[in-house]
Amino acid sequence: MTGNRTIDQTAAHIADAIREGRTTAVEVTQAFLDRIEAVDGTVKAFLHVDREGALATAREVDAALARGEELGPLAGVPIAIKDVVVTKGLPTTAASKILEGWIPPYDATIVERIKAAKMPILGKTNMDEFAMGSSTEYSAYFKTLNPWDTGRIPGGSGGGSAAAVAAKMAPLAIGTDTGGSIRQPGAVTGTFGAKPTYGSNSRYGLIAFSSSLDTPGPVARNALDAALLHEVISGHDPRDSTSIDAPVPPVVAAARAGATGDLSGLKLGVVKEFAEGTDAAEPGVVAAYEAGVEQLVKLGAEIVEVSCPSFTYALPTYYLIAPSEASSNLARYDGVRYGLRAGDDGKHSLEEVMSLTREAGFGPEVKRRIILGTYALSAGYVDAFYGKAQLVRTLIKQDFEKAFEKVDAIISPTTPFIAFEFGERTGDPYQMYLADLYTIPTNLYGGPGVSVPVGLSEGMPVGLQVMGPVLGDDITYRVAAALESTQDTLLADTAPEIER
Amino acid sequence: MTKLNTYEQAVETYEPVLGLETHIELDTNTKMFCGCSTTFGAEPNTQVCPVCLALPGALPVANRAAIEATIKIGLALNCRIAEWTRFARKNYFYPDMPKNFQTSQYEEPLCEEGYVDVVVEGKEYRVEIERVHLEEDTGKTLHVGGATGRIHGATESLVDYNRAGIPLVEIVTKPVPGTGALAPEVARAYTAELRDIVRSLGVSDVRMEQGSLRCDVNLSLNLPGDGWGTRTETKNVNSLRSVERAVRYEVRRQSALLDAGERIFQETRHFQETTGETRAGRSKEEATDYRYFPEPDLAVMEPSREWVEELRATLPEPPRRRRERLQADWSLGDKEMQSVVNADAVELIEATVAAGANAAGAVKWWLGELSRRANETGEELGALAITPAQVAELQSMVDDGRLNDKLARQVIDGVLAGEGDPAKVAATRGLEVVSDTGALEAAVDEAISANPAVAEKIRGGAHAAAGVLIGAVMKATKGQADAGTVRQIIIDKLS
Amino acid sequence: MSTISREEVAHLARLARLEVTDDELDAFAGQLDVILESMKTLAEVDTDGVQPTTHAVPLVNVFREDQPQPSLPRDAVLAGGPDTAEDRFRVPRILDEEA
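Residues numbered from 1 in each chain as written. Chains lettered and ligands numbered in written order. Predicted model: local features only at pLDDT ≥ 70, side-chain atom pairs only at ≥ 80, totals over all residues.

1. Some words on the overall build of chain B
Logical step 1: Assigned secondary structure in chain B consists of 16 helices and 15 strands.
Logical step 2: Projected onto its principal axes, the C-alpha coordinates of chain B cover approximately 95 × 55 × 50 Å.
Logical step 3: Taken across its 495 residues, chain B has 47% of its residues classed as buried. (Helix = DSSP H or I, 4+ residues; strand = E, 2+ residues; numbered from the N terminus. Buried ≥ 20, exposed ≤ 12 C-beta atoms within 10 Å, placed from the backbone.)

2. Observations regarding the overall build of chain C
Logical step 1: From N to C terminus, chain C includes three helices and three strands.
Logical step 2: Walking chain C from its N terminus toward its C terminus, one meets helices and strands in the order α-α-β-α-β-β.
Logical step 3: The C-alpha atoms of chain C give a radius of gyration of 22 Å, which is well past the 13 Å a tight globule of 99 residues would have.
Logical step 4: Overall, the C-alpha framework of chain C stretches about 55 × 45 × 25 Å when taken along its three principal axes. (Rg over C-alpha atoms; globule rule 2.2 N^0.38 Å.)

3. Focus: the sheet that holds strand β9 (residues 156–160) of chain B
Logical step 1: If you walk across this open sheet you meet the four strands as β8(B)-β9(B)-β3(C)-β2(C), and the pairing is antiparallel. Taken across any chain shown, the strands that pair with only one partner, and hence form the sheet edges, are β8 (140–144) of chain B together with β2 (84–85) of chain C.
Logical step 2: Note: β8(B) against β9(B), five bridges, orientation antiparallel. Note that in β9(B) the partner of B:K140 across the bridge is B:D160. (Pairing = 2+ DSSP bridges.)

4. Details of the domain arrangement of chain B
Logical step 1: By the assigned domains, chain B splits into domain 1 (7–311), domain 2 (319–429) and domain 3 (437–493).
Logical step 2: Here the C-alpha centre of domain 2 of chain B lies 33 Å away from the C-alpha centre of domain 1 of chain B. (Domains from an automatic or database assignment.)

5. Things to note about the interface of chain A and chain C
Logical step 1: Listed as interface residues are 57 residues of chain A and, on the opposing side, 47 residues of chain C.
Logical step 2: Looking at the side of chain A that touches chain C, the elements that each hand over two or more residues are α11 (314–329), α12 (350–361), α13 (364–377), α14 (383–406) and α15 (429–433) of chain A.
Logical step 3: With twelve residues, the single largest contributor to the side of chain A that touches chain C is α14(A).
Logical step 4: Of the residues contributing to the side of chain A that touches chain C, the split by class is 30 nonpolar, 15 polar and twelve charged. (Contact = placed C-beta atoms within 7 Å. Nonpolar A, V, L, I, M, F, W, Y, C, P; charged D, E, K, R; others polar.)

6. Details of the interface of chain A and chain B
Logical step 1: Listed by partner, the interface residues are 34 residues for chain A and 25 residues for chain B.
Logical step 2: Of all the elements in the fold, those that place two or more residues in the side of chain A that touches chain B are α11, α12 and α13 of chain A.
Logical step 3: Of the residues forming the side of chain A that touches chain B, the biggest block, three residues, is contributed by α11(A).
Logical step 4: Among the residues making up the side of chain A that touches chain B, the classes are represented as 18 nonpolar, nine polar and seven charged.

7. Brief notes about the environment of B:D216
Residue and element names in this part refer to chain B.
Logical step 1: Checked against the element boundaries, D216 lands in strand β11 (residues 213–222).
Logical step 2: Judged by the 20 C-beta atoms lying within 10 Å of it, D216 falls in the buried class.
Logical step 3: Ignoring anything within four residues of it in the chain, the contact list for D216 reads E21, E233, T234, K235 and V237.

8. Some details on the packing of helix α13 (residues 437–450) of chain B against helix α15 (residues 466–476) of chain B
All names here are of chain B.
Logical step 1: Packing of α13 against α15 brings their axes to within 9 Å, and their N-to-C directions diverge by 130°. The pairing of α13 with α15 is recorded here as oblique in orientation. As for the relative orientation of α13 and α15, their crossing is right-handed in sense. In contact with A443, V444, E446, A447, I448 and A450 of α13, α15 contributes L469, A472, V473 and A476. (Axes fitted to C-alpha atoms, helices over the stretch in contact; angles between N-to-C directions. Parallel < 35°, antiparallel > 145°, perpendicular 65-115°, else oblique. Left-handed = near helix turned anticlockwise from the far one by under 90°.)

9. Re helix α16 (residues 483–493) of chain B
Residues and elements named next belong to chain B.
Logical step 1: Along α16, the residues that are buried comprise V486, I489 and I490. Each buried residue of α16 lies within a common arc of 100° when the element is viewed along its axis, so the set occupies one face. Summarising the geometry of α16, the exposed residues directed more than 90 degrees from the buried face are G484 and D492.
Logical step 2: Tucked inside the fold, the buried residues of α16 contact α13, α14 (452–459) and α15. (Arc of directions from axis to C-beta.)

10. Section: the pairing of strand β3 (residues 121–125) of chain A
Looking down a regular strand, the side chains alternate between one sheet face and the other.
Residues and elements named next belong to chain A.
Logical step 1: The buried count for β3 comes to five of five residues, which makes it a mostly enclosed element.
Logical step 2: The pairing of strand β1 (residues 46–49) with β3 spans three bridges and is antiparallel. Bridging from a neighbouring strand, H48 pairs with K124 of β3.
Logical step 3: As paired elements, strand β2 (residues 79–82) and β3 share four bridges and run parallel to each other.

11. Quick word on unusual backbone geometry
Leaving glycine out, the prevailing phi sign among residues is negative, and the prevailing peptide bond configuration is trans.
All names here are of chain A.
Logical step 1: The residue after G156, namely S157, is reached through a cis peptide bond having omega 5°.
Logical step 2: Here S157 is to be found in the loop between β3 and α5 (159–166).
Logical step 3: The backbone of A95 shows a phi angle near 55°, a positive value even though the residue is not glycine.
Logical step 4: For E458, which is not glycine, the phi torsion reads 55° and is therefore positive.
Logical step 5: Within the element layout of this structure, E458 appears in the loop between β10 (449–457) and β11 (460–467).

12. Here we look at the packing of α13(B) against α16(B)
Residues and elements named next belong to chain B.
Logical step 1: Relative orientation of the contacting elements α13 and α16 amounts to 60°, with a least axis distance of 10 Å. Considering the angle they form, α13 stands oblique to α16. α13 and α16 meet at a crossing whose hand is right-handed. Note on element contacts: α16 touches α13 through T485, V486, I489, I490 and K493, opposite L440, E441, V444 and I448.
Logical step 2: Looking at side-chain class alone, the contact of α13 with α16 contains six nonpolar, one polar and two charged residues.

Right, here's the structure in full:
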């Protein structure tokens, strides 16, 4: 519900209020900490809350302002961080038992930037273990509940960050998106989530799942807030060899421009192949999405059908590439240098201890993907599996490039279904993977994609996805902000009150 | 008891095919993928960062200097430098390899298709190079609890990651047939030449005994006319001499097996330094599947032709040409120069000459007395506790007449024992040639009076008889007289 | 690409150092089957003349200079270790010889 409480305000509004002295950073941080105290027992979005650290940063902000210093655009605005991002001195687990109790000795680059921006870090949010999942049910610690309906999933893998923002426990959060892990939770919780262009945000300090796909990005209540955060964390990092050395696209300006509600001259593509096929979206989702498309047309956008035939193969391509890279990235969790060590009782060899550690420390979805990835890379199969997937990935990329010759952005529903009920899809992994049907293609391409709330179906949020060309993040924010401008109230402001 | 043929029997029947795989530790200031220092001898785990410790979230960034060093090695080995090359992951689990994969190169190495020419007993052999690629080294493991500090029988191990991530260049030859009985020598000559080439580039210490140059020796045997046989790989080959011995042993061992109709297993064996044998490693249940795939965390490399040419321009004189030049400078015949090369004495002699000695003297000492001592103790020549500067000093003392050969050898004893420079040793031990003519004359007078008959003969013109008196004087002066001077004094006195 | 057997799953688990239980073996084999069936469709795709994509946004020649940077303090290095001794990481006896 919209309200006048601090926690109801946008990040932009909070930043202004702090800068202009209408409130203090400490008051703001305290308000969100109180909210966490009040509702997180129910929602369970946080794995770790850092009251002391957050308040200390808030005090620094107030002191700096009192000294007359000029601070950045989000100074004093609290933020939650998905527990897949390494934070010095704060427990970081990737929601896995294998990292239980690990305290990193260093900060991820995006965390350094958040600290430099003087944003109090409220804590670490829950997720599917090692970012593998679409419901946060695979967290080794506990499930996070969807604030819209506590019997339903908040999406995944970044369900914690999305739920925290949806339940107003944080105005902003960091997520990571490998196959849709920011966008899909955004869609099912009625919040805004952006996957920036791959390589535009540093992966240094991001616990790796799939190296060529992982992208950190902002989670927020609206496009402008997300854009502000986007500009704080983005930019080249020499510690990440896959980091693009190019100016950050002007996403804040684009979000403001979009908010004026003028999309005349813009061509928006709809992918023919998304609409076809047996895995098409739920009718309620389609209806909400199409209502949103109508709004965009009213703003002057032209809808153009594009054909991307290789998108039909995006899901299998992703489920060969991502687990392959993951199987190698997760090899380092072996009980030797950090994290869990099991079975070291004097009776087992190191090889056995490593196996026992990984057996005890990894959950079923992680194990499944490690085995799948090991299979896809194994001698005799690597050409048919991993090798073939790399080739099809090129075709997907080419389809995007061809489409962007005809249109400025591509739109789709973010995810085929509303938030499903707990346990509905854990019995059949493939059914779970379908949640990423529309989000995966742009991960394979490397281009930006955002999910903006567009309406309700069966009382649950639906998201509309906007995808852009590589380094065309600004287009995605512009379209999203324009859609928001047609909504009397943002979905994020109408989330039901949490029942304690 | 392993059955062995004699080497002669073996090479009479079979043709050896060699393969050599060499790893070279680069001496860059920092590691391959992170900025940790590489200085030797640091306290354990003090040169470690999130990247080389493989903490969650860490990412590699490639060291430009290591790439350049590898390109230079490739150029010096006459390789083609790839226009498009990348790193790959080699996946397997081992505690000294923190990521449990090694970042290496697979199908697209930096350098390919080169060669090294060596001369063995007057014959030229071309060893073709398959590839030169770049990878990272592992940490160091101490095995505790076993008898020998080796892995067998150890109850636990302690791992230090200081060396994890040091840049390593791997050089792989193509199979080398046609060496016949000279296979061991060719293997040794190739390794020595490779070492000299890399050393001349200044990119590595290339010291086998320190592990900055590591060799794996592959060998197979076949009957003339047949295809190549199954090869074995022998590791733990830590000196040039071991390279030779390992090849020799494998030839003998494999030929005996083949004679008996048994098959050779494609296996990894370990060279035993003390016995010269190779021993089978623990056989694995299944061959390791490394599941190579291109490293997604690193960018592709496209060494521009300009960059390659810039690096080519920095290459120094190839060792072979340098040897030819030195041979001319030192006025040595082919055989003599070959002896110098075989004794691994080129640099030592060069340094000795640079320190002021004449070439002939330098050659004489290093190939003569010092080589003899090195063989006695089984050391490499360069490992002896005497420096080229000291040898030059020794030679100049001989030239000045302060020492004779016999005394010089005693001075060498002192230097090797750590007593200091030749002059100091000579002084401390009182080894200098007696130049005090008064003392010499006294000794001569004594000898004359002790040998009156001989003295008479000399007075009579039989100067050859002076030898007896010279001997007596030398004995009296404990060899510290210059024989020529003594002879002259005798002649003068008895004329 | 035929269906995956229990034995193959066990072999893969060994390669990946995963001590998988019998129940898990059965469950995984079945689940992986479904996933692999879906991947059969990839074989149909015509990829003649296509270059593989390993990096979403291809970069070239990304290097750093050979200048030393501070390492982690040793206690920070060892702090996370489950078992350390003599300033090193202690592990139980190793069976495999180094590759």
